[in-house]
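Architecture and fold: a report
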Amino acid sequence: MDDINTTSNEITNENVNFETRINLGPLLDHVNTIKKEIETVIVGQHKMVDQLLVAILSNGHVLLEGVPGVAKTITAKLLAKTLNIGFSRIQFTPDLMPSDILGTSIFNLKNSEFEFKKGPIFSNLILIDEINRAPAKTQAALFEVMEERQITIDGSGYQLETPFLVIATQNPIEQEGTYRLPEAQLDRFLFKITIDYPKLNEEILIIQREHSLQDQGKLDAIKTLLSADEIKEYQGLVKQIRVEQNLLEYIARIVVNTRENAFLYLGASPRASIAILNASKGFAAIRGRDFVTPEDIKEAAIPVLQHRVIVAPEREMEGITSSEIIKQIIETVEIPR
């Protein structure tokens, strides 16, 4: 009888043990510390900071969209300074050539051979300012490197070091002298993050901080917190986050619904499904969970999908945006229980 009770108690104790199977403690410590460092300069924009951190953990690229002056570039530079990894900034202009980004072969007179001189893309974190300012051939030079983390030039392949993350910015208002990113290029970005104007209280705090800086630089006091090896380790942990079968089906239903929605001319591809899966794992990780919930998927869906779908022309003329349609889709798809 005692043996039966002991066995029963052991089973009960196992059932109530909800401790995480993955040690996310160091990851959470780093995430919270990086947030605090960024918040010493950036006022508000907590959602954007979370999405940037999730992109790093999910090994994905980010497109930051917002009007001039809403801290797109400074945010990327801040994030880069908290990470002990290589950083390159490329200013896209109409005269920029693919070789200016990737590199080119130069003839060496000493040994009478061509040598490959690497371009600025050979780094870990790449900030591309005004990505829609460069012509299509220069934008297309990023296709292979963003998807496969490698470059092929003159028949030779060059593997990029990990981690490798592209953060690109663009201005949605000023379109003179710009080249719209094609759908294939947009599909390479894990997230499209739209940055809005700050609220009144945030605007006041921004002015106060700027006034108190005097001659000090905004980035001077930012600490370096995370190494390349730690980033790779945390990316490996995020891949181990558990996702139940019914949640995988939930992701699939959301994406398939974009293809069947009358308000959309073009729906999302299977790459979008994978992106939602990876991003939802990232959101679970920064919340301290080793399993994905429907809320994580909802949080990932809009930044993952809004740049991968095309609104039907008649709906676009009515002022309906892709994010509004995606919100409606999320509300209509039944949440798994």
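Reference entry: report on the structure contained in this document. (Residues numbered from 1 in each chain as written. Predicted model: local features only at pLDDT ≥ 70, side-chain atom pairs only at ≥ 80, totals over all residues. Heavy atoms only, no water.)

Here we come to the overall build of the protein chain. Helix and strand counts for the protein chain come out as 15 helices and 13 strands. Projected onto the principal axes, the alpha-carbon positions of the protein chain cover approximately 90 × 55 × 55 Å. With 337 residues in all, the protein chain has 47% of them scored as buried. For the protein chain, restricting intrachain contacts to residue pairs at least 6 apart in sequence, the fraction spanning at least 24 positions comes to 78%. Approximately 17900 Å² of the protein chain is accessible, and the part contributed by carbon and sulfur atoms is 51%. (Helix = DSSP H or I, 4+ residues; strand = E, 2+ residues; numbered from the N terminus. Buried < 20%, exposed > 50% of the residue type's maximum accessible area, 1.4 Å probe, protein only. Contact = heavy atoms within 4.5 Å. Areas by Shrake-Rupley, 256 points an atom, 1.4 Å probe, with all protein chains shown as cover.)

Let's shift gears to empty space enclosed by the protein. Summed over all chains, the structure comprises 2 cavities of 30 Å³ or more. Estimates place the volume of the largest cavity at around 90 Å³. Among the elements of the structure, helix H2 (25–39), helix H3 (46–57) and helix H10 (228–239) are those that each provide at least two residues to the lining of the largest cavity. Considering each element in turn, the lining of the largest cavity owes the most residues, 4 residues, to H2. A class-by-class count of the residues in the lining of the largest cavity yields 10 nonpolar, 1 polar and no charged. Lining the second largest cavity are Ile56, Asn59, Leu83, Ile85, Asn124, Leu125, Pro163, Phe164, Leu165, Ile231 and Gln235. Partitioning the lining of the second largest cavity into residue classes produces 8 nonpolar, 3 polar and no charged. (1 Å grid on protein atoms, 1.4 Å probe; cavity = no way out; pocket = protein on both sides within 12 Å on 5 of 7 lines; lining within 4 Å. Points joined across faces, edges and corners; volume = space filled by probe spheres on them. Nonpolar A, V, L, I, M, F, W, Y, C, P; charged D, E, K, R; others polar.)

Our focus in this paragraph is the pairing of strand E4 (residues 103–108). The sheet contact formed by E4 and strand E5 (residues 113–118) spans 6 bridges and is antiparallel. Counterpart to Phe107 in the pairing with E5 is Phe114. Linking two consecutive strands that pair antiparallel, namely E4 and E5, is a turn of 4 residues; a positive phi of about 55° is found at Ser112 within it. (Pairing = 2+ DSSP bridges.)

Under the 1.5 Å per step criterion, the end-to-end length of H3 is 17 Å for 12 residues, consistent within 8% with the ideal 16 Å. Within H3 the residues assigned to the buried category are Met48, Val49, Asp50, Gln51, Leu52, Leu53, Val54, Ala55, Ile56 and Leu57. Residue Asn59 follows H3 closely and has a positive phi angle near 60°. (Expected span 1.5 Å × (residues − 1).)

Glancing now at the layout of surface pockets. Approximately 660 Å³ is the volume found for the largest pocket. As for the largest pocket, its lining consists of 25 residues, of which Glu65, Arg180, Lys192, Gln306 and Glu316 are closest to the centre. Put simply, the parts of the chain that give the lining of the largest pocket at least two residues each are strand E1 (61–65), helix H8 (183–186), strand E10 (189–194), strand E13 (310–311) and helix H15 (322–332). Across the lining of the largest pocket, the residue classes break down as 9 nonpolar, 11 polar and 5 charged.

Our focus in this paragraph is the sheet that holds strand E9 (residues 165–170). Picture the strands of a sheet paired through backbone hydrogen bonds; they go either parallel or antiparallel. Sheet architecture is open: 5 strands sit in the order E3-E6-E9-E1-E10, paired in parallel fashion. Every interior strand has two partners, whereas the edge strands, strand E3 (87–91) and E10, have only one. On average, each strand axis in the sheet is inclined to that of its neighbour by 15°, with strand direction left out of account. Pairing geometry for E1 and E9, over 4 bridges, is parallel. Each residue of the ladder has a partner; that of Val62, found in E9, is Ile167. Across the sheet, H3 is in contact with E1, E9 and E10; its angle to E10 comes to roughly 170°. (Axes fitted to C-alpha atoms, helices over the stretch in contact; angles between N-to-C directions.)

Here we take up the pattern of salt bridges. Overall, the coordinates contain 15 salt bridges when judged by the stated rule. Among the salt bridges present, the one from Glu65 reaches Lys192, with a minimum N-O distance of 3.3 Å. Pair noted here: Glu65 is in strand E1 and Lys192 is in strand E10, with a separation of 127 residues, a long-range link. Glu65 sits in the buried class, given a relative accessible area of 12%. The salt bridge partner of Asp129 is Arg89, with a shortest N-O separation of 2.5 Å. (Salt bridge = Lys/Arg side-chain N within 4 Å of Asp/Glu carboxyl O.)

A few words on the pairing of E3. In regular strands, side chains alternate between the two faces of the sheet. Only one face of E3 is buried, namely the one carrying Ser88 and Ile90, since none of Phe87, Arg89 and Gln91 on the opposite face is buried. As paired strands, E3 and strand E6 (residues 125–129) are joined by 5 bridges and run parallel to one another. If you follow Ile90 over to E6, its bridge partner there is Ile128.

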